[in-house]
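Listed below, chain by chain, are the residues.
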Amino acid sequence: ENYFTIKPKAFIKAKLLGRDGGNFDQAMNAQALIKTNVRGDNLWVLRDTASLMENVRPFEPELTRADANILAAPYLPGIYATLRKRSPLWEIYFLLPRPLEEQQAMVQELESRQVNWALVCSHYVDDRPDLQFSNTHGLLWNYLVANFDTLSPKVDQNCSLMRRRAISPADVSQ
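Residues numbered from 1 in each chain as written. Predicted model: local features only at pLDDT ≥ 70, side-chain atom pairs only at ≥ 80, totals over all residues. Heavy atoms only, no water.

Q: Account for helix H3 (residues 47-56), with residues named and values stated.
A: Those residues of H3 not exposed but buried are Ala50, Leu52, Met53 and Val56. Taken down its axis, H3 places every buried residue within 165° of arc, on the same side. Buried residues along H3 sit in contact with strand E1 (33-38), strand E2 (41-46), helix H4 (60-63), helix H5 (78-83), strand E4 (117-121) and strand E6 (159-164). (Buried < 20%, exposed > 50% of the residue type's maximum accessible area, 1.4 Å probe, protein only. Helix = DSSP H or I, 4+ residues; strand = E, 2+ residues; numbered from the N terminus. Arc of directions from axis to C-beta. Contact = heavy atoms within 4.5 Å.)

Written as structure tokens, this is what we have:
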């Protein structure tokens, strides 16, 4: 169902047709949406999105610091608005395979922008595992695995919050 038609349909069902006892909130909940507080604004979001946002909330003090930059993949652009951050890369939907040269440029961009966090989910579109981020952006994924630690526990069954590894003095001297 088209996400943009849900709110009008819920309104029509609740207010004009009297379904759900005329209660708009119940009508929205029936569409698998729940009201979620995002930085003082109440937004209707999918349950999975609300759960992910709630699980990321304990990390907000670190993620919203001026020097904290985050990559969200494969398709979580709303997290940037939630954290009041800009995407470090031009690409915000990592849905289709990208050439190695483009992925190398992305890695360089992450380095130059000093990205120190990544929120990566194992979602894929069209029920096609070959379109999972680790497959479509293998070089970028390998860079994250090599340079970031996954925080435990996961923020979601399908999503991991990763933090850049600290550079030890031994690494600098080599």
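More follows now that the structure is in view.
Q: So what's going on with the sheet that holds strand E3 (residues 70-73)? Residues and values would help.
A: A sheet is described by the order of its strands in space; here four strands give the open sequence E3-E4-E6-E5, paired in mixed fashion. Of all strands in the sheet, those bounded by a partner on one side alone are E3 and strand E5 (148-150). Direction aside, the axes of adjacent strands within the sheet are offset by 20° on average. Alignment of E3 against E4, held across four bridges, turns out to be parallel. Opposite Ile70, over in E4, you have Trp117 as the bridge partner. (Pairing = 2+ DSSP bridges. Axes fitted to C-alpha atoms, helices over the stretch in contact; angles between N-to-C directions.)

Q: Mind laying out unusual backbone geometry, listing which residues take part and the relevant values?
A: The general pattern is negative phi for most residues beyond glycine and trans for most peptide bonds. A cis amide bond links Ala73 with the next residue in sequence, Pro74, at an omega value of 5°. Residue Asp126 is not a glycine yet carries a positive backbone phi of 55°. In this structure Asp126 comes out as exposed when scored by relative accessible area, which is 64%. Within the chain, Asp127 stands out as a residue other than glycine whose phi angle is a positive 55°. For Asp127, the location among the structural elements is in the loop between E4 and helix H7 (133-136).

Q: Account for the pattern of salt bridges, naming residues and giving values.
A: According to the stated counting rule, one finds eight salt bridges in the structure shown. Salt-bridge contacts for Arg163 lead to Glu62; the nearest nitrogen and oxygen are separated by 2.9 Å. Linking Arg163 in strand E6 with Glu62 in helix H4, this pair joins segments that are 101 residues apart in sequence. Exposure remark for Arg163: the relative accessible area of 33% places this residue in the partly exposed category. Glu62 gets classed as partly exposed once you look at its relative accessible area, which sits at 34%. The partner of Arg164 in a salt bridge is Glu111, with the nearest N and O atoms 3.5 Å apart. (Salt bridge = Lys/Arg side-chain N within 4 Å of Asp/Glu carboxyl O.)

Q: Can you explain the side chain of Ser160? Please cite residues and give values.
A: Within the fold, Ser160 resides in strand E6. Those residues in contact with Ser160, other than ones at most four positions away along the chain, are Ala118, Leu119, Val120, Thr150, Lys154 and Val155.

Q: Account for the side chain of His137, naming residues and giving values.
A: By the secondary structure assignment, His137 is in the loop between H7 and helix H8 (138-147). For His137, the side chain forms a polar contact with the side chain of Glu91, separated by 3.3 Å. The contact partners of His137, leaving out residues within four places of it in the chain, are Glu91, Phe94, Leu95, Leu96, Arg98, Gln103 and Met106. (Polar contact = N/O pair within 3.5 Å; in protein donor to acceptor, adjacent residues only side chain to side chain.)

Q: Residue-level account of the nonpolar core, with values.
A: Grouped together as the largest cluster of nonpolar side chains are 33 residues, with contacts concentrated most on Ile70, Leu71, Phe94, Leu119, Leu140 and Leu144. Contributing elements (two or more residues each) for this core: H3, E3, H5, helix H6 (100-112), E4, H8 and E6. The element best represented in this core is E4, accounting for five residues. Setting aside anything within four residues of it in sequence, one finds Leu119 in contact with Leu52, Val56, Ile70, Leu71, Ala72, Ala73, Leu76, Ile79, Val155, Cys159, Ser160 and Leu161. (Core = buried A, V, L, I, M, F, W, Y, C linked by side-chain atoms within 4.5 Å.)

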